[in-house]
Amino acid sequence: MLTFGRCLTLFLACGLLACSAERKPGELFGSAESDVLVIDAQLLVGQPMPAIFLRRTADPRESYDLRMQGVIDADITIRSADGLTRYFADPESAGRYLPAGTVPVVAPLTEYELVATVGQERLSARTRTPGPLRIREVVVLDEKSLQVRRNLVLFSESADAFVAADNQVVYLDGLLETRLEPATGAAGYQLSLASLDLASDFVIEADFLEQDDYDDFEREGSSPVLDGAEGHVRMPWFAVAFAGRHIWRTYALDQNWYDFARTDPQTGGGGFGQLAGDAFQRPHFAVQGGIGLFGSAAVDSVGFVVLPAPGT
């Protein structure tokens, strides 16, 4: 899953706590933004109702402790035309809430309303899920002619897609393009890339990179938001740093998720290779009585293996 929970946590830990060396504590929001309810919940079409996180912001001049800021006594529900899902506090993780009883599957093109009540406080938000997203094909294009060299094997075609010969991709050789059936009602699209083999070596080599630079590379990342209206999205090679198995996910975003992800108009809210806190601006929160993200998306994915370029 795209790590928006981690992004929102980074927003709390870095944005509200002024993680940039160029900012001083309190410059972004100040103490007036402390003790505010923060919701973190994303619904994925076709998947079970997710865990929800409810925490509070802290004074930017103090250290942020996820356990201390977790809200443990909230009454949380998510309602749709199909019924009501109640949540209970996870006793092993402060601020984490899990759906009770039989967990329903998130439906497409459906409006969901989240309500969290803590004492006299009430936080609420709504999302309308996009329609299903389906990857038609993933192709390797010739860099010059843009002709299709071959098609990758999809998970829908084989459970062993990673071992398929067509899914062995040489680093920097050709262009990887996903061709979608665009999701109805999607405000935009976003890509995520995750390296699964945690011990795999680097495929990137550059004379200007030192050991400390390599240590800063992460095995997961997400792109800026994309239009995707034509149904074609390409994976940038600069997002790849490691050999081995990778999962490339494409998300069709609802309006809330789209607005949150494109906080900064110049960078689209961050992206591959960007540091937390770079060009930070206050996100658009479609939340009443607090801040955070209650959004939804449809997702599909493809798996492939990155091989080092010959001679490296």
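Our structure's up above, just so we're on the same page.
Residues numbered from 1 in each chain as written. Predicted model: local features only at pLDDT ≥ 70, side-chain atom pairs only at ≥ 80, totals over all residues. Heavy atoms only, no water.

Caption draft 1: Molecular detail of the overall build of the protein. Counting secondary structure elements, the protein contains 4 helices and 16 strands. When the 312 residues of the protein are sorted by exposure, 49% land in the buried category. At a minimum sequence separation of 6, the contacts of the protein that also span at least 24 residues come to 73%. (Helix = DSSP H or I, 4+ residues; strand = E, 2+ residues; numbered from the N terminus. Buried < 20%, exposed > 50% of the residue type's maximum accessible area, 1.4 Å probe, protein only. Contact = heavy atoms within 4.5 Å.)

Caption draft 2: Up close: the pairing of strand 2 (residues 52-56). Taking burial as the measure, the 5 residues of strand 2 include 4 buried ones, the bulk of the element. Pairing of strand 1 (residues 37-44) with strand 2 involves 4 bridges; the strand directions are antiparallel. By the bridge assignment for strand 2, D40 is matched with F53. Both strand 2 and strand 5 (residues 96-99) contribute to a ladder of 2 bridges, which runs antiparallel. Paired with I52 across the bridge in strand 5 is Y97. (Pairing = 2+ DSSP bridges.)

Caption draft 3: Highlighting the pattern of salt bridges. Inspection of the entire model under this criterion finds 13 salt bridges. Among the salt bridges present, the one from R96 reaches D90, with a minimum N-O distance of 2.8 Å. Connected via shared salt-bridge partners are E137, E177, R179 and R234. (Salt bridge = Lys/Arg side-chain N within 4 Å of Asp/Glu carboxyl O.)

Caption draft 4: Highlighting the nonpolar core. Within the largest apolar cluster, 30 residues are counted, with the highest numbers of intra-cluster contacts made by L176, M235, V240, W248 and F304. For this core, the secondary-structure elements that each account for two or more residues are strand 8 (134-141), strand 11 (175-181), strand 12 (188-195), strand 14 (232-235), strand 15 (244-253) and strand 16 (291-307). Among the elements that line this core, the one with the most residues is strand 16, at 4 residues. With near-sequence residues (within four places) excluded, M235 lies in contact with L176, L193, V240, W248 and F304. Core analysis: the next-biggest nonpolar cluster, separate from the first, contains 23 residues, I39, L54, V71 and A125 among them. (Core = buried A, V, L, I, M, F, W, Y, C linked by side-chain atoms within 4.5 Å.)

Caption draft 5: Examining the packing of aromatic side chains more closely. The tally for this structure, following the rule as stated, stands at 5 aromatic pairs. Seen from their ring centres, F155 and F162 are 5.8 Å apart, and the 65° between their planes marks the pair as edge-to-face. Judged by its relative accessible area of 18%, F162 falls in the buried class. Ring geometry for Y251 against W257: centres 5.9 Å apart, planes inclined by 40°, an arrangement best described as tilted. Note on Y251: relative accessible area 1%, which makes it buried. You can call W257 buried: its relative accessible area is 0%. In this arrangement the basic side chain of R219 is found over the ring face of F242, its NZ or CZ atom lying 3.7 Å from the centre. Lying over the aromatic face of F162, R245 brings its terminal NZ or CZ to 5.6 Å of the ring centre. (Phe/Tyr/Trp six-rings, centres within 6.5 Å; stacked < 30°, edge-to-face > 60°. Lys NZ or Arg CZ within 6 Å of the ring centre and 35° of its normal.)

Caption draft 6: Seen up close, the side chain of E177. Structurally, E177 is set in strand 11. Polar side-chain contacts of E177 include one of 2.9 Å to the side chain of R234. (Polar contact = N/O pair within 3.5 Å; in protein donor to acceptor, adjacent residues only side chain to side chain.)

Caption draft 7: Local environment of the sheet that holds strand 9 (residues 148-151). With antiparallel pairing, the 4 strands of this open sheet are ordered in space as 9-8-11-14. One side of each edge strand has no neighbouring strand; the edge strands of this open sheet are strand 9 and strand 14. When the angles between neighbouring strand axes are averaged without regard to direction, this sheet yields 35°. Note that strand 11 and strand 14 share 4 bridges and pair antiparallel. Bridging across to strand 14, E177 finds its partner in R234. (Axes fitted to C-alpha atoms, helices over the stretch in contact; angles between N-to-C directions.)

Caption draft 8: Structural context of unusual backbone geometry. One non-glycine residue, L109, lies in the positive phi region at around 50°. Tracing the backbone through its elements, the reader meets L109 in the loop between strand 5 and strand 6 (111-118). When its relative accessible area of 38% is taken as the criterion, L109 is described as partly exposed. Positive phi outside glycine occurs at L172, with the angle close to 70°. Relative to the helices and strands, L172 resides in the loop between strand 10 (168-170) and strand 11. Residue classification places L172 among the partly exposed positions, given a relative accessible area of 44%.

Caption draft 9: Examining the environment of A194 more closely. Summarising the element assignment, A194 is placed in strand 12. A residue is classified by how much of its surface remains accessible, and A194, at 9% relative accessible area, is buried. Sequence spacing of A194 and W248 is 54 residues, and the spatial spacing of their C-alpha atoms is 6.7 Å.

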